[in-house]
Amino acid sequence: MKCKNTWRSEFYWKDVILSPAMRDSLKKLLFKENTPINLPGRTLNALRARRLVDKNNKLTETGTIVGLKTVSLKKQCEIIGIQIETLKLKREYADPSVNALFYFMKQGNRGSYCEGVAIRKVLFCLYAHRLIKIPIKKGNNDFFDGLSTYPFAVGLDMLLNTDGVQDYDSLTEELLSAINECNRDIFLTNYRELFPKGLCWYGVDELFAVQLFDLLGIEELKNLARIIFSEPSAFYVGWPDLTLIRDGSVELLEVKTTDKLHESQLITIPAIIENCNINVKILKL
């Protein structure tokens with residue numbers, strides 16, 4: 001059994017090599033999506049061969065992502081529809097995301113600094129009670145430390161499935177069903193069975209995990225799960241750096257200094273914005 005892979009999957013981007021002319025043409029198409037543009041035939045054919053432009057000379061989904069890579073962070077955020085928050089900080093830690101996290105913690109907020117780890121850990125504890133039928137292969141106990149999601153592990157052949165699920169779509173429905181039946185008591189039971197008391201992993205302890213569960217709620221957590229389950233090889237990466245509980249709500253912050261959003265972020269962050277009612281921002285330090 002394998003996870004679904006499409007152009008969104010990380011391995012795809014290693015094969016996308018563009019000339020300066022192709023990059024310039026993608027940028028023009030990105031800003032003039034509804035206006036006809038005459039492109040050199042050779043360049044146009046090259047973009048079509050890479051499936052970046054369709055037969056109507058319009059950007060494909062892949063082409064839009066590659067086109068977004070050619071513009072500034074500000075323009076990326078304008079096109080995606082994501083707010084930029086600017087913050088001046090004294091550098092106390094080498095990692096900018098850690099520097100930002102400790103700043104917010106000093107303001108009385110709670111958070112985790114390792115991209116989507118906090119969310120994946122909470123999601124895992126929503127359906128862990130269903131995994132008793134599925135034995136873990138020897139040597140993969142780190143899975144229970146919250147390092148991955150169940151479907152992602154299946155895609156990497158880390159688990160042996162013995163409960164009758166034969167295809168990935170059925171597996172996804174099983175897990176969504178498990179999340180749907182989960183309540184606070186089940187969540188706490190799963191969490192306490194999987195994670196030792198007092199364990200604080202990348203800033204995620206029991207209190208923080210329970211607060212995420214309470215604030216997001218089952219429906220929002222199902223929306224997040226659907227994103228990851230739809231294509232784990234792609235949506236496992238690209239999550240914002242910080243998961244915060246700030247001013248009584250959950251926020252996802254991608255921390256930037258001089259760089260801009262890369263491929264996986266340009267794929268995953270818009271999916272979160274489109275499918276979830278969660279505050280997502282770029283934090284420009």
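Refer to the structure above for everything that follows.
About the thresholds
Residues numbered from 1 in each chain as written. Predicted model: local features only at pLDDT ≥ 70, side-chain atom pairs only at ≥ 80, totals over all residues. Heavy atoms only, no water. Pairing = 2+ DSSP bridges. Helix = DSSP H or I, 4+ residues; strand = E, 2+ residues; numbered from the N terminus. Axes fitted to C-alpha atoms, helices over the stretch in contact; angles between N-to-C directions. Contact = heavy atoms within 4.5 Å. 1 Å grid on protein atoms, 1.4 Å probe; cavity = no way out; pocket = protein on both sides within 12 Å on 5 of 7 lines; lining within 4 Å. Points joined across faces, edges and corners; volume = space filled by probe spheres on them. Nonpolar A, V, L, I, M, F, W, Y, C, P; charged D, E, K, R; others polar.

**Student:** Would you mind showing me how to read the sheet that holds strand β3 (residues 242-246) here?
**Tutor:** Strand pairs in the sheet, formed through backbone hydrogen bonds, run parallel or antiparallel to each other. If you walk across this open sheet you meet the five strands as β1-β5-β4-β3-β2, and the pairing is mixed. With partners counted over all chains shown, the strands left at the sheet margins are β1 (83-86) and β2 (110-112), one partner each. Along the sheet, successive strands turn relative to each other by an average axial angle of 30°, direction set aside. In this sheet, strand β5 (residues 279-284) lies alongside strand β4 (residues 249-256) in parallel orientation, the contact comprising six bridges. Paired with Glu251 across the bridge in β5 is Asn279. Across the sheet, helix α10 (residues 206-230) is in contact with β2, β3 and β4; its angle to β3 comes to roughly 75°.

**Student:** It is not clear to me how the layout of surface pockets should be interpreted in this structure. Could you clarify?
**Tutor:** Vacant regions in the atomic arrangement are exposed by a probe of water-molecule size rolled over the atoms. Counted as a void, the largest pocket has a volume near 410 Å³. Lining the largest pocket we find 18 residues, and of these Glu61, Ile267, Pro270, Ala271 and Glu274 sit closest to its centre. Elements represented by at least two residues in the lining of the largest pocket include exactly α3 (61-68), α4 (73-80), α10 and α12 (263-275). Per element, the largest residue contribution to the lining of the largest pocket is six residues, and it comes from α12. When its residues are assigned to classes, the lining of the largest pocket shows 12 nonpolar, three polar and three charged.

Read these as layout, nothing more, since geometry by itself doesn't imply function.
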